[in-house]
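Survey of secondary and tertiary structure
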Amino acid sequence: MARSLNSAQMAMMAVFLLASFAAMFRPSIGSSVSPGDFYNSLKGYFPPEPYPGYYDYLFSCTDKFSGLCFGEVLTYLYDNYDVMSYDCCELINKVGKKCYDMNVETMSGIGAKAVKDRTFARKILQRGRNLWKKCLHLAAAPSPSD
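Residues numbered from 1 in each chain as written. Predicted model: local features only at pLDDT ≥ 70, side-chain atom pairs only at ≥ 80, totals over all residues. Heavy atoms only, no water.

Considerations on the overall build of the protein chain
Here is the rule we go by: Numbered from the N terminus, helices here are DSSP runs of H or I no shorter than four residues, and strands are runs of E no shorter than two. For every residue, the accessible area obtained with a 1.4 Å probe (protein chains only) is divided by the maximum for its type, and the residue is called buried under 20%, exposed over 50%, and partly exposed between those limits. In this analysis, two residues are considered to be in contact whenever any of their non-hydrogen atoms come within 4.5 Å of each other. Using a 1.4 Å probe, accessible areas were evaluated by the Shrake-Rupley method; residue-level cover was limited to the displayed protein chains.
Helix and strand counts for the protein chain stand at seven helices and zero strands. When its helices and strands are written in sequence order, the protein chain yields α-α-α-α-α-α-α. Within the protein chain, the proportion of its 146 residues that are buried is 42%. In the protein chain, the share of contacts with a sequence separation of at least 24, taken over all contacts with a separation of at least 6, comes to 74%. Accessible area for the protein chain stands at about 8,300 Å²; split by element, carbon and sulfur atoms hold 58% of it.

Thoughts on the packing of aromatic side chains
What counts, and what does not: For Phe, Tyr and Trp, where Trp contributes only its six-membered ring, two rings pair if their centres lie within 6.5 Å, and the inter-plane angle classes them as stacked under 30 degrees, edge-to-face over 60, or tilted in between. Consider the ring centre and the ring normal. A charge sits over the ring if Lys NZ or Arg CZ is within 6 Å of that centre and within 35 degrees of that normal.
Using the criterion set out here, one finds five aromatic pairs in the structure. Connected via pairs of aromatic rings, a cluster forms that spans Y51, Y54, Y55 and F59. When the ring centre of Y57 is taken as origin, the NZ or CZ atom of K98, which lies over that ring, is 4.5 Å away. If you follow R127 out to its NZ or CZ, it ends over the ring of Y76, 4.4 Å from the centre.

What to know about the packing of helix 5 (residues 86–95) against helix 7 (residues 118–140)
The condition that has to hold: To define axes, lines are fitted to C-alpha atoms, for helices over the stretch in contact only, and angles between the resulting N-to-C directions are given on a 0 to 180 degree scale. Angles are sorted into four bins: roughly parallel if under 35 degrees, roughly antiparallel if over 145, roughly perpendicular if 65 to 115, and oblique for all others.
Where helix 5 contacts helix 7, the axes come no closer than 9 Å and their chain directions differ by 105°. Relative to helix 7, the element helix 5 lies roughly perpendicular. When helix 5 is examined against helix 7, the residues Y86, C89, I92 and N93 are found in contact with a partner set consisting of L131, W132, C135, L136, L138 and A139.

In short, geometric facts, not functional conclusions.
Next comes the structure, spelled out in structure tokens:
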């Protein structure tokens, strides 16, 4: 007889899957993910478009991320991995706050829909704000190669 999962079990499975997905792109593994591939693989989890052209702008500005940097951002947000490279922080600052914030908001919406838990989305948004501040501070420091 098949056993059905309750909502808490489904949420835990979704968190596990998202964390596993993010862990696949952890920089220490040396993998990268293109933002386009990431978003295309999760289209079913997209929150509704807040206004016409939102996703067009998001995909356009996100293409400026390198695959490795985007993987670092995913890992930082979803997998509680607190390391961010200087080069990635520099790129986050170059992409700009509007594009960065739109990415974090979209990722939090995808996460919330996948796990059906708004507190998860709030955690992603908070980690996103923390990462922005961290990168502003890091980018103000001299380059490690100097």
